[in-house]
Structure formats: structure tokens, C-alpha cells
Amino acid sequence: MKITKVDVFQFRCDVPIPNRPVGCRIYTDEGIYGDGEGSMSYGTGSEAAFGMIEALANMIIGMDPLDNEVIWDKMHRGTFWGQSPGPAVFSGMSAIDIALWDIKGKVCNMPLYRLLGGKQRKDLRCYASQLQHGFKGYHDFAFTTDKYEEVSKYVVDELGYDAIKIDFLTFDRDPSRPLGNEQRRGPMSPYYVQLAEERVAAVREAVGPNVDIIVENHSNLDALSAVQLARAIEKYNIFFFEEPNTPSPKTAKYIRENVNIPIANGERIFSRWQYVPYFEDMSIQIAQPDLTSCGGLTEGKKICDMAHTYDVAVQAHVCGTPLSTALSLHLESSIPNFIIHEQHCVCLHQYMKDLCIHDYQPVNGRFVTPELPGIGNEWTEKAMTEARMKKTVTKE
């Protein structure tokens, strides 16, 4: 079996907040194809990820798609920049690698979790993520404390979740007054510490003692303000404290030694080499590799296995299309150190659902892993036809 061509896409999503998912489809001479996704769809840089997938596709035409380890090593060591991993290179590598695993599963006529060693659990607990943006399939931003209470009670009482995640410092009270970086850096003013604590306290009161609350920070704090905030909210029984500051093993160690809440990180940590110091210092207790940016399923599984040797739990970071949701479920169902799955609010938006043929959603806060061969999901014809950018790579 040989790779004959690769289609690369930047998909069209007409939404107020920029979100332009990037992905690929790898074709073979036996008629089997596989789909993959790269990160960098949100924020700035989707064009860079698109270009990286295109560049890497030129390296793999004619290769055997089942040789995923060989291809991964070629991309990593044969690109010069691959050995100093950053989001653009590793988003491209991830998309290619994911598509190769999709092909492998289809060739074997097995869902990926079986190729990863089988299910460790029949279903997966998940949490409703980023509630400050709303959780009904459209943006409903939380500025008032009442809004935090309302959305939290909705996902618990109506949707059956028993875990939620919120960034309590995304918005100030006044919609006309943006909450910028200077307000989040320490020492933070009493106003912002009290604002966050007021919201956390209200959510805890709204959902009761048996619902886990995860506090998100998007790396917007620094080490000092992260410790300030964590100490203010420790008494509300926080499940874990995510991305407290700019990823750094040294500052992560400082934060961990000064707070009593488990620390999670990984969205902006790429490759097993970057994870090593965090594991060795025990500065994170939950690793969050994103399979669309850490190097794909090949690298993601290695990171999870390394984490297991340090008693570090794993929650795959998921903020992409239904393709990455399905892929993450396969990994998480097969590893012993899984803790919880992230169901991001973006997964409820119609523009995301339209990109893939299946829309997997949890029931009462529990997810079932897809049973179809490969990933169990793929791009729709509509998404590929209407893509903002498309490039086909064949043998020159």
C-alpha cells in the first residue's frame, strides 16, 4: 500500500470568534483514505498549520501509510524544525499522523481503541468546558455572577454533568471594560481576586458539593497571581487548576509547591521531551496533551505512557472538530491513567457539527467510544467542497 496524494484544508467557519479548523485527507493506491486534524484553528496561526501540513505531505507521497512510526520519525528529524517542537510544526505532524492511524484502523477493520490495546472502561466521564462562553450552541458570555450560576445549574440539572470547567477571569463585570493581561498579573488587585472568588463561590453554591469544579486560566496569569488566586479559592474544593501561567517547568514547580490544588497543563506543551521536566518535578498532576498538536496519536500515546510511570493522570485537551473528539475518546478509553474527558462548548456549535459526518455527544455526562473502523468519523463533502483553502499534494 502506498500514499498517492494528500488533500489539505482550511475549513470555512463564519463565526464572530475566529475559528478555522485545518485538516487533511490522505489517499492510498488501494482506495482507503484517512482523515486528520491539526490544531491552531483558534487564536492566530491556522494559515501556518495549513502550510505545514502541505509541506509535510510532500515528504510522505509514495510511503506505506501503515509505517506510522517511520513516517513520524521522518517528519520529526527530517524537517530541521521538528526537533525543536512548536505549534505549527507539530500541528502539521499531528494531522498527518492522525490520518495514518485512521487508515490503519480501516485496513484492520477495527476501531482505534482496539489497536491501542482495548477498552479500559465501558464509558468515559466528561465535563462541560468553558461555561463562561455559554453551553447551548451559541455564545452567551457570562459577565454577571448570576450568569455563572445559571449556566452551571443548566449543565448539571438539565444535561446531567457532574463536572464543569470555567475561566472565572475571562470577563470583567462591565462588558465595555475588557479584562486585559495587566489585570491578571501579580500581585493582582483585591478587586480581581475578589471577583474570581465571588464567582467560584456562587457556582459552588449553585451546583452543590458533589459536582467537580475545574478552574481554567488559559495561561493568562503569572506565577504570583496564580498562587494568589489558587489560595483564595482552595476552600471551594477545586478539582484541578488548569494552565495557571505560561508553560514553564520552573514556574510550574513554584506554583505546585505553594498551592493545595492539583495542577493541569498540556495544551501548549508539545512532544514527550517537553513533558519530561514536568513529570520529573511532579509539577503537574494532570497531563493534557492535545492529539492535534502534540504530535498526533503516535506521540500522544507515548506521553500518556510516560505520565503513567509518574502517577500523572491524563485528560486529552479537546477544542477542535468532532474528528478530534472521536480520536481523543479512543485514546482515553484505552489508557489506565485516564481521569476525565473534555466536552468543549464549541462542540455544540452547528458550524463544528457540519464539518464531520458524525456528531458524537455525551449522555448524562458520559461518553461512549465510537465502534466504527479507524477514528469513526470523517470530513463531510460539504466541508471539503466549501473549504476556505484547499491544496492537493501529489508526486511531483
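See the structure shown above.
Residue positions are given per chain, counting from 1 as you read along its sequence in written order. Restriction of local features to residues with pLDDT of at least 70 applies here, the model being predicted, together with a cutoff of 80 or more for giving and counting side-chain atom pairs; totals for whole chains, interfaces and linings are based on all residues. Calculation of side-chain values draws on the structure's entire complement of heavy atoms; hydrogens and water are dropped beforehand.

Caption draft 1: Structural view of the sheet that holds strand 13 (residues 389-394). Read across the sheet, four strands follow the order 3-2-1-13 without closing on themselves; strand pairing throughout is antiparallel. Because the sheet does not close on itself, it has two edges, and the strands there are strand 3 (33-38) and strand 13. Averaged over all adjacent pairs, the angle separating strand axes in this sheet is 15 degrees, with direction ignored. Strands were regarded as paired on the criterion that DSSP finds at least two bridges between them. Helix and strand labels come from DSSP, where a helix needs a run of H or I of at least four residues and a strand needs a run of E of at least two; each type is numbered from the N terminus. Note: strand 1 (residues 3-10) against strand 13, six bridges, orientation antiparallel. Counterpart to Lys5 in the pairing with strand 13 is Thr394. Taken strand by strand, helix 1 (residues 46-60) contacts strand 1, strand 2 (22-28) and strand 13, and its axis lies near 175 degrees from that of strand 1. Sheet strands in contact with helix 3 (residues 87-108) are strand 1, strand 2 and strand 3, and its direction is about 150 degrees off that of strand 3. Throughout, an axis means a line fitted to C-alpha atoms (over the contacting stretch in the case of helices), and angles, computed between N-to-C directions, take values from 0 to 180 degrees. In what follows, a contact means two residues having at least one pair of non-hydrogen atoms within 4.5 Å.

Caption draft 2: Local environment of the pairing of strand 3. Throughout this description, buried means an accessible area under 20% of the type-specific maximum (1.4 Å probe, protein chains only), exposed means over 50%, and partly exposed covers the range between. Counting buried positions along strand 3 gives five out of six residues, so the element sits mostly inside the fold. As defined by bridge partners, strand 2 adjoins strand 3 across six bridges and the pair is classed as antiparallel. Note on strand 3: the bridge partner recorded for Tyr27 is Tyr33. Where strand 2 hands over to strand 3, the hairpin turn is made up of four residues, of which Gly31 adopts a positive phi near 85 degrees.

Caption draft 3: Region of the structure containing helix 5 (residues 145-158). What a helix should span is 1.5 Å times the count of its residues minus one. For helix 5, built from 14 residues, the straight-helix expectation of 20 Å at 1.5 Å per residue is met to within 8% by its first-to-last C-alpha distance of 20 Å. Along helix 5, the residues classified as buried are Thr145, Lys147, Tyr148, Val151, Ser152, Val155 and Val156. Viewed along the axis of helix 5, the buried residues span an arc of 165 degrees, placing them on a single side of the element. In helix 5, the exposed residues that point more than 90 degrees away from the buried face are Asp146, Asp157 and Glu158. Taken together, the buried residues of helix 5 touch strand 4 (124-129), strand 5 (163-166) and helix 7 (190-207). Among the residues trailing helix 5, Gly160 stands out with phi positive, at a value near 85 degrees. Arc definition: directions from the helix axis to the C-beta atoms.

Caption draft 4: Inspection of unusual backbone geometry at higher detail. Here the bond from Gly186 into Pro187 is cis, since omega is -5 degrees, no more than 30 degrees from zero. Mapped onto the elements of the fold, Pro187 is located in the loop between helix 6 (181-184) and helix 7. The phi dihedral of Ser219 falls on the positive side, at around 60 degrees, and the residue is not glycine. Take Ser219: it is sitting in the loop between strand 6 (212-216) and helix 8 (223-233). With a relative accessible area of 11%, Ser219 lands in the buried category. For Ser271, which is not glycine, the phi torsion reads 80 degrees and is therefore positive. Note that Ser271 resides in helix 10 (residues 271-281). The exposure class assigned to Ser271 is buried, which follows from its relative accessible area of 0%.

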